[in-house]
Every structure is written in structure tokens, then in C-alpha cells.
Amino acid sequence: MALELIEIAKRVGADTHIHPTSLVLPQGSFNVLLGTTLSGKTTLMQIMAGIQQPTSGQIRFNGRDVTHVAVQKRNVSMVYQQFINYPNFTVYDNIASPLKVAAMSKAEIDRRVMAAADLLRLRPMLKRRPSELSGGQQQRTAIARAIVKDSDLILLDEPLANLDYKLREELRDELPRLFAGRNAIVVYATTEPVEALLFGGGTATLHEGRVTQFGPTSSVYREPKDLVSAQVFSDPPINMTPVEKRGSQLQLLGGKVWPAGSSARSLSDGRYILGIRPHHVTPLPPEAPAGELEGRVLVTELSGSESVIHLDVGGATWVSQSHGIHPFEVGAHARLHVDIDRGLFFAANGERVS
Amino acid sequence: MNKTVNNKAWWLVLPVFLMVAFNALVPLMTVVNYSIQETFGNNEFFWSGTTWFEQILHDGEFHASLRRQLVFTGLVLLIEIPLGLAIALCMPRQGPWVSVCLVLVALPLLVPWNVVGSMWNIMALPDIGLLGKGINALGIPFNYTRQPISAWFTVVLMDVWHWTSLVLLLCYAGLVAIPDAYYQAAKVDGAGPWAVFRHIQLPKLKHVLTIAVLLRFMDSFMIYTEVIVLTGGGPGSTTKFLSIDLVQKALGGFDLGPAAAFSIVYFLIILFLSWLFYTLMMREEAR
């Protein structure tokens, strides 16, 4: 029981929107499509749903070829970035709309609508129209519509992007609970790595119409297959610098020398690209062997519990993200420490080697 | 806390007040002056109270032109609003044809009113006009200078030709503003084209349609130039609408008092009907 994409590709004229892609999404799984705007998330979702047809390749659902089956015959529901509801229906009728098409009995419709409304805490709003609701409530209604019928596939296309911070956090916490215990395959597109990490499940990193990596979220995060996957799955962006390994030392540009650290131990000598996530660059020295960075502070972003510091090191910008408040003056000279044991090493072709 | 009270802020409203006064209130007051007084020139005025209003409200000619006006405006709205909406629904939303279509449909809006009148005047001539001769060639007797039905047909057709584009452009703008995701969501739900129109497009166009109805109502209720050029209110007085009647009273008969009372009644009717349309169409919102 699964949704299988087999060598799916989408070309429009001379442009390739999706390069040949194969994915297997098992029943009951929660999958995140992570990528920047225009990376192909929406196109891929629409192909999964049957709203767009792939140029080549096959889509199978439970072993059956559904490539050319129309969306309305596929038992799919979708939630969009915009809050899409029928404007002249009440919340109740909006939630009930997919069931009415299915010609269900009134009592059954009522039972299901009430269950969905309770899950999304919409009970008091059932008689209102979408224009009388806040953005958060409108999106809750849209999500209720998506879960009210037992869809095989539920697609959420950046559903939280248009909500303000607080509502986004609130709904983000509730989402996994809504889908737990359902047999549906859930696909959730987002541009934010933190959402993928919060939801767990599986994550596919997308870059320019290509799925660069797909697997359990934590392993995609910890063990990126290549440079691009690591870049997509890092916010703030991952720091990168060319290094040359010589014995137990790393030679950096500008003559700096760092200890090689545990992750580089098995590598043969030679040139690599070193990737360091921002939270492994800290103002306080770690216990393990560390590399040192000295430079001029460009920007500091201090949130309540976190400091993000952008440092100019000989023309290259390094980003550090650390717990606590570390006030640095912009323009001042600063010294940061790199937890080199956590370094990711990539070969010249982008593939991760350690 | 000490609060300083002063009214200096009122000075900031003064420019707007002056502008409104000069372009609306002062001219309107002139009309009000004439409507409640009698004058024989020499800048001498005598109080006449509500005499002119009573005269106008009991005037059979006024009643007849008001009836004609209501029928004309009703016909125009019944034809132009659905027609404009229907054409807007058929227009392409993207691609190279969009700008071509938009320019073509906008053309009638660029033609001056008196030119529209002359155009249709010539077009509908029974002996040489394309329309007039064409209809006669079909075996249907058509002469808009003699037959009231032909005159009405031509006047309504002219207005539809001139102003459907406005409704169309408003509806088109409203349709283009509906996000694609709505259509996709409908598709996912398995909704057909009628359901999409009924439950997505129509509710989303409600505000635009309200504006279109109001604009077309007010404008058609005040129609003058085109009809004067086309039929002059004839044959007889079968196409004499309110504004034509008003001008005849004010300039033809020089009955300034009754004409001023007429203007005010005319204005109040438009105000009332606009309010009525607006409240009816916005009723849903208030619930």
C-alpha cells in the first residue's frame, strides 16, 4: 500500500520543471517536500494529485497505474497556501462539501463534520462564513475539509506560509496530531527546514526540479547525501569553505590551519569542501578540538534566546547560531570557534564523503 | 495629564470643505433656490413654497418620462449585466490574445457620446444604414423615426453596444483576481463548471457586480446625449427620458421653477434607487 512515482518528469516547452524522479511514499506516512520557491514542490504535488500530468513516467497507487486518472477520481484532498474555501458557504457547509459530492447520508455527514470541527476547534464558528473568520480559522476550515473525507492522499502546499507567526506555531503543533492514526499518505511542502525537523517522518529535499535526497527526516538532516541537500536543509545557510587535508590537519584558504577532527579521520589527503552548520560555529569554545575564526562582525540578530552572528572572515561570510545572548558590536573584531568534529566533507563533485 | 484643547485641526479640513462646497453644495443650492421661489428676472425672487414640487409630482408628462426611464434602465441592466459577465467568462485569462481582446472590447468606451448617437443614427437609417436596411431586407418593417418599437430597439441596442464593455471589463478584472487555487480546489472536489460559477466565481464577483450595477444604473438613468442625437426623444415622445424632459422644461419652456423642482426630485430618485441597489446587493454581508 503506497504511492509510487516511477521516473516522473515534467517538461513545459523547453523548460524542465521536474527532472526524472522516483519516490515511494508508504501508507500512513508523513512526508515533507523541502525546497526553496520554484524548486518544483508545487508541480510535484500537483502531479501526485493528478491535477497536472507528467510528461513521462508512471504513478502507481497500491500497485495500480493511476497516471492518467483524473484528480476527482483519486480520493485526494489538498490544502493551499491561500485560504481556499467556498465564499458563500458556512464553515459547516464548507467542511461538508467533499462529502456531499460523495452522496453520503445526512447523519453520517453530520457526524464527520462535527468530528473534523472538533479536531480543528471550529465548533463555535460552524455557522459563520469564511469572510467572518480570521486567517487562522479560514485555514483550519480548509484543513478540516481536507481531512473530513478519508482521502488516500492529503497534500498540503505551504499551508502555514500566509499565517502570522503565532498562529503558524499553534497550527504547526497541532498538524501531526491531525494525521496520526489515519491511513492517508500526507505530503507537506515547505520552504522552512525547521518545519521538516518538527514533523519528523520523511523528508525529500528539492532543488531546481530534482529530488536530491529522500529518507527519514533525521537521517537526511544528519547525513546529507551531497552539498545541495545539505544547503536546502539548513537555515541559516550552511557555512562552506574549501579545505585541504594533510595528515591530521586541515589547511584553509589564507594559510589558517585547523585540526582535522573526528569526522575527517578516515579521509585520504586531498582537497575537499567543508560544510559546517551555523550552530556548530559558536562564540564559546567547544570541548572537542576546534578551529578558530577571526573576522569583523557584519550583522547580529539577537532573538530572545538565540544569537545569529554574521562574520566576515577574509572576504568570506560565516554564520554562527548559538543559544543565549552574545552581544557583538557590528564592525567589531570577533573570534568564533568551529566544532570541527561535526564538519561535513564533500568531494569536488558535491558528494558527501564524510 | 494636562490636555490642551484647541480646534486648530479644523483648519486642515477647510480645503476639502471649500472644494466640496464649490463643486457640489453651491450649485445644488442654486437649484434649491429656484425650486422654492418664483422669479421673473431682474434678480427678483418671490417665495413659492412647495408649489413647483406639487406641480411636478402631479405632472403627467413627468410620470410618463419616469416610466419610460425605469423601463429603459431596467432593460439595459437586464441585458448588459448578464451579457458582460457572460463575455468576461469566455475571455482568455492568459496568452497573447488577452491584450487584443481587451483593446477590442474597450473600443466602444472610447467613443464620445454624441458620436455614438450619430453613428447609430446613420447605422439605423432604413434606406442607407447597415442595420436599418438589413432588418428591412429580412422582411421586418423597421423605421426608427416612425415606429416606437424600432426606436426603442435602436436606443437599447446602442446603449448595450456602448456600455456592455464596462461591465465586461469590471467582471474580467474580478475574474482574473480569483487565485488559481480556487479552481484547483473545485477540481479536487469534483465540482462541475456550473458549481464553479455558482459557488466560486459569482460570490467572488459580488462586489464587482455591485459596482457595475450601480454605475450602469446611475449612468443609464441620466442618459441624454446619445438619445437626443439618435431620436431626439421621438417618434412623438416615445423615447423622451427624464433628462430630455428636464432639458425641454428648463430651456424650451424656460420654466425654471418647475425645472429646478424636477432636478431635485430626479436627484432624490437616483439617490434612493442607488441606495436600494446597494443595500439589496450587500444584504448578505450584514448578516
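S.K.: Is there a simple way to explain the domain arrangement of chain A in this structure?
M.R.: Think of interface size as the accessible area that goes away when the parts come together; that is how it is often given. Residues and elements named next belong to chain A. Looking at the assigned domains, one finds that chain A contains domain 1 (2-232) and domain 2 (239-346). Measuring from the centre of the C-alpha atoms in domain 1 to the corresponding centre in domain 2 gives 37 Å. Every contact between the two is made by seven residues of domain 1 and, on the other side, six residues of domain 2. Both sides together, the interface formed by domain 1 and domain 2 hides about 580 Å², and carbon and sulfur atoms give 68% of it. The interface formed by domain 1 and domain 2 contains zero salt bridges.

S.K.: Mind showing me how you'd approach the sheet that holds strand β15 (residues 281-282) of chain A here?
M.R.: Hydrogen bonds between backbone groups are what pair the strands of a sheet, and the pairing can be parallel or antiparallel. Residues and elements named next belong to chain A. The sheet built from five strands is open, its strands ordered β15-β19-β16-β17-β18 with antiparallel pairing. Two strands bound the open sheet, and with one partner strand each, they are β15 and β18 (316-323). Relative to β18, strand β17 (residues 306-313) runs antiparallel, the two being bridged by eight bridges. Within β18, the residue paired with Val308 across the bridge is Gln321.

S.K.: I tried to follow the sheet that holds strand β13 (residues 257-259) of chain A on my own but got confused; where do I start?
M.R.: All names here are of chain A. Spatially, β13-β12-β11-β14-β20 is the arrangement adopted by the five strands of the open sheet, whose pairing is antiparallel. Strands with a single pairing partner mark the edges of an open sheet, and in this sheet they are β13 and β20 (344-346). Averaged over all pairs of adjacent strands, the angle between their axes in this sheet comes to 40°, without regard to strand direction. Two strands pair when backbone bridges link them, and strand β14 (residues 270-276) and β20 are joined in this way by three bridges, in the antiparallel orientation. Residue Gly275 lies in a different strand from β20, and its bridge partner there is Leu344.

S.K.: I'm lost on the pattern of salt bridges in this one. Help?
M.R.: Pairing is possible between side chains of opposite charge, provided their charged atoms come close. Residue and element names in this part refer to chain A. Tallied over the full model, the rule gives 27 salt bridges over all chains. Here Lys41 ties to Glu158 by a salt bridge, and the two come within 3.7 Å at their closest N and O atoms. In this pair, Lys41 is assigned in helix α1 (residues 41-49) and Glu158 in the loop between β7 (153-157) and α5 (165-179), connecting sequence segments 117 residues apart. Here Lys41 matches Glu158 in class, with each residue buried. Residue Arg335 is joined to Glu292 by a salt bridge in which the shortest nitrogen-to-oxygen separation is 4.0 Å. Pair noted here: Arg335 is in strand β19 (residues 333-339) and Glu292 is in strand β16 (residues 290-302), with a separation of 43 residues, a long-range link. Residue class for Arg335 comes out partly exposed when judged on its relative accessible area of 43%.

Definitions and cut-offs
Residues numbered from 1 in each chain as written. Chains lettered and ligands numbered in written order. Predicted model: local features only at pLDDT ≥ 70, side-chain atom pairs only at ≥ 80, totals over all residues. Heavy atoms only, no water. Domains from an automatic or database assignment. Contact = heavy atoms within 4.5 Å. Buried area = accessible area lost by both parts, 1.4 Å probe. Salt bridge = Lys/Arg side-chain N within 4 Å of Asp/Glu carboxyl O. Pairing = 2+ DSSP bridges. Helix = DSSP H or I, 4+ residues; strand = E, 2+ residues; numbered from the N terminus. Axes fitted to C-alpha atoms, helices over the stretch in contact; angles between N-to-C directions. Buried < 20%, exposed > 50% of the residue type's maximum accessible area, 1.4 Å probe, protein only.

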